[in-house]
Amino acid sequence: MLGGELRGPKDFPVARLAPSDADDPTAICFAGNEEHLRKALDAGVGAILLPTEAPPVPKPAIAVAAPRDAFAKLLALVDRPLRFDSGVHPLASVHPAAVLDEGVSVGPFAVVEEGARLRKDVRVYAHAYVGERCDIGEGSQILPHAVLVRDVQVGARCTIYPGAVLGADGFGFEWTGEHRMKIPQVGRVRIGDDVEIGANSAVDRATMGETVVDDGTKLDNLVQIGHNSRIGKHGVIASFAGISGSTVIGDRLVMAGQAATSDHVEITDDVTLGGRTGVTSNIEVPGTYWGTPAQPFGQAVRNITLAARLTEFYDRLKKLERRMEKVESS
Amino acid sequence: MLGGELRGPKDFPVARLAPSDADDPTAICFAGNEEHLRKALDAGVGAILLPTEAPPVPKPAIAVAAPRDAFAKLLALVDRPLRFDSGVHPLASVHPAAVLDEGVSVGPFAVVEEGARLRKDVRVYAHAYVGERCDIGEGSQILPHAVLVRDVQVGARCTIYPGAVLGADGFGFEWTGEHRMKIPQVGRVRIGDDVEIGANSAVDRATMGETVVDDGTKLDNLVQIGHNSRIGKHGVIASFAGISGSTVIGDRLVMAGQAATSDHVEITDDVTLGGRTGVTSNIEVPGTYWGTPAQPFGQAVRNITLAARLTEFYDRLKKLERRMEKVESS
Amino acid sequence: MLGGELRGPKDFPVARLAPSDADDPTAICFAGNEEHLRKALDAGVGAILLPTEAPPVPKPAIAVAAPRDAFAKLLALVDRPLRFDSGVHPLASVHPAAVLDEGVSVGPFAVVEEGARLRKDVRVYAHAYVGERCDIGEGSQILPHAVLVRDVQVGARCTIYPGAVLGADGFGFEWTGEHRMKIPQVGRVRIGDDVEIGANSAVDRATMGETVVDDGTKLDNLVQIGHNSRIGKHGVIASFAGISGSTVIGDRLVMAGQAATSDHVEITDDVTLGGRTGVTSNIEVPGTYWGTPAQPFGQAVRNITLAARLTEFYDRLKKLERRMEKVESS
């Protein structure tokens, strides 16, 4: 099935998948590099999935060209969707003017509001809220406790995790001299196809127009996407990353944890932002950036490394000053 | 209605509001500055709301003294509250000892516990939880999936967004030498009038006494307010900002994303904190601060800019050391 | 009851506990240090709990050896669990194949899925979701709106706060050259005994094997624990702290707000991380660390303090260069 070469007994039984340091003689693990391989040999794990070029090992093994991909295939084999009864649960609240296509399931205590459209095979799990005029694409799943406030369009094959909130009002206020006047937020949220929105993340609706997370982009837990922003295709955004309002980001963004953008900045395609990077102005050249303000990676590494040596640096400066005084007075 | 001057045909129909770069010939946009105006002229948007002093433009326009305010008025015109059936939904769970004033609505699967008081025209949406002895002020709305654990007082005209959690226990533990002993948290949360609490934000209840978010203050999504803290009036606090426990903050705070305070600090009125500022000691002078530890803005800009030039700076130091050796040995 | 010495009238009535600056003549406060004591004497609070060595005060007082512990005892006296009707609420949805032990309560609109096990005296509050094959230990409480997606084991006497999400998929994708391929996540989450998981925090399930938060560890609100990570016993982790995937952490960790780890790092026992520390490599020596990259505390303080003086530092460098030119040309 994996197209690999079996190294060991044909009838060795494998009951489950495990990490390389597992003590489970009935499990197979994946050893993508030498460290993994050493761990797997030291631990009690039963069998190993390893690269073709690996040396012979004293355990049953399967050798494949791309062990990581092969392991993902095995994982997919044992994976199964969250349990779900098909059909609309008798304890769901579905508005009569909502449209449910073929194969749609709605769980207990879920709410589907007026004007919502659930396309083919959509699953709305327990406690999920699908607000007015939301449109959920074919095969997407709205997990327990996900909230689509209203006017949220979700593409096909998406997963919205528990606690994610899509379509809450953007954070727009204007100081009148006495108080913060609310700028009404009347826009939408548009989520592309094959998008994942992690647990407790938030994507605000636009003041007008739309806030966009485009095809294939994956958001980790606890990510914030401000109103009017547009994230391109096939990006990944890690936890606590904050995209401020009206940010425009290209395709294939990789944004590490706690990184953030100032509002109204533009970031081109193929940009990677290291952990906690602060983007305060446009990034026009693809590449890897780090630090605050964001700098090309190599430069940031040098600066951040030096910042951790400032004490030594300062001592040398003071010493130089004393030497200078001596020289000047001689 | 806007008190503006019409520049163009009287009968030009406007169907909706749009951003200045929208390609919608039936929309009107707002051009507050030259860049917006250029975008609006380049794009397919039908009409423009612009300042009185703007030059004539080749599109239908309305000229007003304050185009931003006028646009907010238009936005308010097209805004409408989240759909809601009036009255208590048959699938809501309202304790018989809860008090519901005139005009109160409670959505499906919402829970209102014993001793809760919902004042005139309060709306508790689907899946919201209003715990024991919570008191919600006139006209406030508790959106789907908002949670008021218990002993939370909310003023008038507030909006609590989905996933916000008010009144969970403060984070108080004491190390006994063997384990973390919980300090019971028996206090309350008090939210003033006209407050907004963003999606998935948290405001913990006090150990005793109360945690306060005062009148007119707006919290973005994913904000944390620790126990016993007090935030003054008319502030704005952006995403991932963290107010530690027992912090006392004055009026009109502006706190940008990911900024944070150490616990027990005090911050006076009229303070602005830049993105990711770390406040580690009291701030007694109004003004704008940035950096960690928080510094007056101009100083922080210089320091942070120099930190991004440390490599160059270090090279110059090394060069000076070599020159000094030469001088000293001559 | 507190084993203390009464200083003042025997019949002075105390109605409640209050902070030391409260204006409540019927309350008793706790004064652990001189500042608290001064506040308590200045304010209108009625009585004071103070250390045995404190001087006589002009208010009724109780003197004890450890006033903080004594106050915690008083707090525990007035604390009571969130109200709950015993038994399974008629509006709960409990799968027939779930197992509920003696004394279990399930609130309105709560969902308990197939194969779940709720042990003795477990309380599942309103709107909570306990997914397939979750196992909740004796006396634990799952508060309103907490979500256990599936395959989550929770020990005894735990509290899972509202909006916490345990067992969502780990964030694992592989770039194929065209898109992000999802690595299926088929592992579990294991929470030890006496653990607290704060509001809106997230603990992802492992790719395979388990993600662990061990006995006695307390998570604040809005904390993220990545897949495959293991947190030891009796730690405390504050808001916005992010533990990346496959991190291994020892016992008694203290992690302040917004601190974070790179993935795959290991941190030994008895480590304290200051606010916003960024751990990018293993920490093998117990102690206190701060800064990014994480440095021993004293060193970090010096470096961070100097970083706030870079402007001065740079001026001195420039001046030295000019002086050097003068010396060289003479």
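Just above sits the structure.
The structure presented is a predicted model; accordingly, all values stated were derived computationally and were not measured. (Residues numbered from 1 in each chain as written. Chains lettered and ligands numbered in written order. Predicted model: local features only at pLDDT ≥ 70, side-chain atom pairs only at ≥ 80, totals over all residues. Heavy atoms only, no water.)

Trainee: An account of the overall build of chain A is requested, with residue identities and associated values reported.
Mentor: Counting its regular elements, chain A contains four helices and 37 strands. Its C-alpha radius of gyration of 26 Å places chain A more than 25% over the 20 Å reference for a compact globule of 330 residues. Here the C-alpha coordinates of chain A stretch approximately 95 × 75 × 30 Å along the principal axes. Within chain A, the proportion of its 330 residues that are buried is 57%. The contacts in chain A between residues at least 6 apart in sequence include a share of 17% that link residues at least 24 apart. For chain A, the accessible area works out to roughly 12,900 Å², and carbon and sulfur atoms hold 51% of it. In chain A, which carries 35 positive and 43 negative side-chain charges, the distance between the mean positions of the two groups comes to 5 Å. (Helix = DSSP H or I, 4+ residues; strand = E, 2+ residues; numbered from the N terminus. Rg over C-alpha atoms; globule rule 2.2 N^0.38 Å. Buried < 20%, exposed > 50% of the residue type's maximum accessible area, 1.4 Å probe, protein only. Contact = heavy atoms within 4.5 Å. Areas by Shrake-Rupley, 256 points an atom, 1.4 Å probe, with all protein chains shown as cover. Lys, Arg positive; Asp, Glu negative; His and termini not counted. Charge placed at Lys NZ, Arg CZ, Asp CG, Glu CD.)

Trainee: How would you summarise helix α3 (residues 297-307) of chain C if you had to cite specific residues and measurements?
Mentor: The set of residues buried in α3 of chain C consists of A300, N303, I304 and L306 of chain C. Projected down its long axis, α3 of chain C shows its buried positions confined to an angular sector of 160°, all on one face. Looking at the buried side of α3 of chain C, the elements it contacts are α3 (297-307) and α4 (310-329) of chain A together with β36 (287-290), β37 (295-296) and α4 (310-329) of chain C. (Arc of directions from axis to C-beta.)

Trainee: Just give me the short version of the sheet that holds strand β23 (residues 202-203) of chain A, but keep the residues and values in it.
Mentor: The ten strands are arranged β6-β9-β12-β15-β18-β23-β26-β29-β32-β35 (chain A) in an open sheet whose pairing can be described as parallel. Here the strands that pair on one side only, and so sit at the sheet edges, are β6 (93-94) and β35 (278-279) of chain A. (Pairing = 2+ DSSP bridges.)

Trainee: Just give me the short version of the relation of the copies chain C and chain A, but keep the residues and values in it.
Mentor: When chain C is fitted to chain A, the best match, at an RMSD of 0.1 Å, comes from turning it 120° and sliding it 0.0 Å along the axis. As the rotation angle and translation indicate, the two copies are arranged about a three-fold axis. (Least-squares fit on C-alpha atoms with pLDDT ≥ 70 in both.)

Trainee: Summarise the interface of chain C and chain A; cite the residues concerned and give the values.
Mentor: Many analyses report the size of an interface as the accessible area lost when the parts associate. With 73 residues of chain C at the interface, the matching set in chain A holds 60 residues. When chain C packs against chain A, close to 5,300 Å² is buried across both sides, 64% of that on carbon and sulfur atoms. Interface area lost by chain C to chain A is led by F171, R180 and M208 of chain C, which between them contribute 14%. The interface formed by chain C and chain A includes five salt bridges. Note that E174 of chain C is salt-bridged to R68 of chain A, the shortest N-O span being 2.3 Å. At the surface where chain C touches chain A, the tally comes to 27 residue pairs in polar contact (both at pLDDT 80 or more). It is α4 of chain C that contributes the most residues to the side of chain C that touches chain A, nine residues altogether. Grouping the constituent residues of the side of chain C that touches chain A by class yields 35 nonpolar, 20 polar and 18 charged. (Buried area = accessible area lost by both parts, 1.4 Å probe. Salt bridge = Lys/Arg side-chain N within 4 Å of Asp/Glu carboxyl O. Polar contact = N/O pair within 3.5 Å; in protein donor to acceptor, adjacent residues only side chain to side chain. Nonpolar A, V, L, I, M, F, W, Y, C, P; charged D, E, K, R; others polar.)

Trainee: Give a description of the pairing of strand β5 (residues 61-64) of chain B that names residues and reports values.
Mentor: Residue and element names in this part refer to chain B. Of the strand pairs in this sheet, strand β1 (residues 5-7) and β5 are connected by three bridges, and their pairing is antiparallel. Pairing of R7 across the sheet is with A61, part of β5. Two elements, strand β4 (residues 47-51) and β5, share four bridges in a ladder whose sense is parallel. Across the sheet, L49 pairs through a bridge with I62, a residue of β5.

Trainee: I'd like to hear about the interface of chain C and chain B, residue by residue, with values.
Mentor: Contact with chain C, which involves 60 residues of that partner, is made by 73 residues of chain B. Taken together, both faces of the contact between chain C and chain B bury some 5,300 Å²; the carbon and sulfur share is 64%. Per-residue buried area on chain C facing chain B is highest for R83, R276 and Y314 of chain C; these three make up 12% of the total on that side. Viewed at the interface, chain B and chain C are joined by five salt bridges. Applying the counting criterion to the chain C and chain B interface returns 26 residue pairs in polar contact (both at pLDDT 80 or more).

Trainee: Which residues make up a nonpolar patch on the surface, and what values do they have?
Mentor: Where nonpolar side chains cluster on the molecular surface, the patch consists of M1, L77 and V78 of chain A and spans about 350 Å² of accessible area. Its place among the elements puts M1 of chain A in the segment before β1 (5-7). (Patch = residues over 30% accessible without salt bridge, like charges linked within 9 Å, V, L, I, M, F, W, Y side chains within 5 Å.)

Trainee: Outline the sheet that holds strand β36 (residues 287-290) of chain A, supporting the account with residue identities and numerical values.
Mentor: Two strands in a sheet stick together by hydrogen bonds in their backbones, pointing the same way (parallel) or opposite ways (antiparallel). The strand order across the open sheet formed by eleven strands is β8-β11-β14-β17-β22-β25-β28-β31-β34-β36-β37 (chain A), and the pairing between neighbours is mixed. Strand pairing shows two members of the sheet lacking a second neighbour, β8 (105-106) and β37 (295-296) of chain A, which therefore form its edges.

Trainee: Any chance you could break down the side chain of R276 of chain C for me, citing the residues and the numbers?
Mentor: Its location among the elements puts R276 of chain C in the loop between β34 (271-273) and β35 (278-279). Despite its burial, R276 of chain C remains without a salt bridge, the nearest opposite charge being carried by D263 of chain B at 14 Å. Of note is the side chain of R276 of chain C, whose polar atom sits 3.0 Å from the side chain of T292 of chain B.

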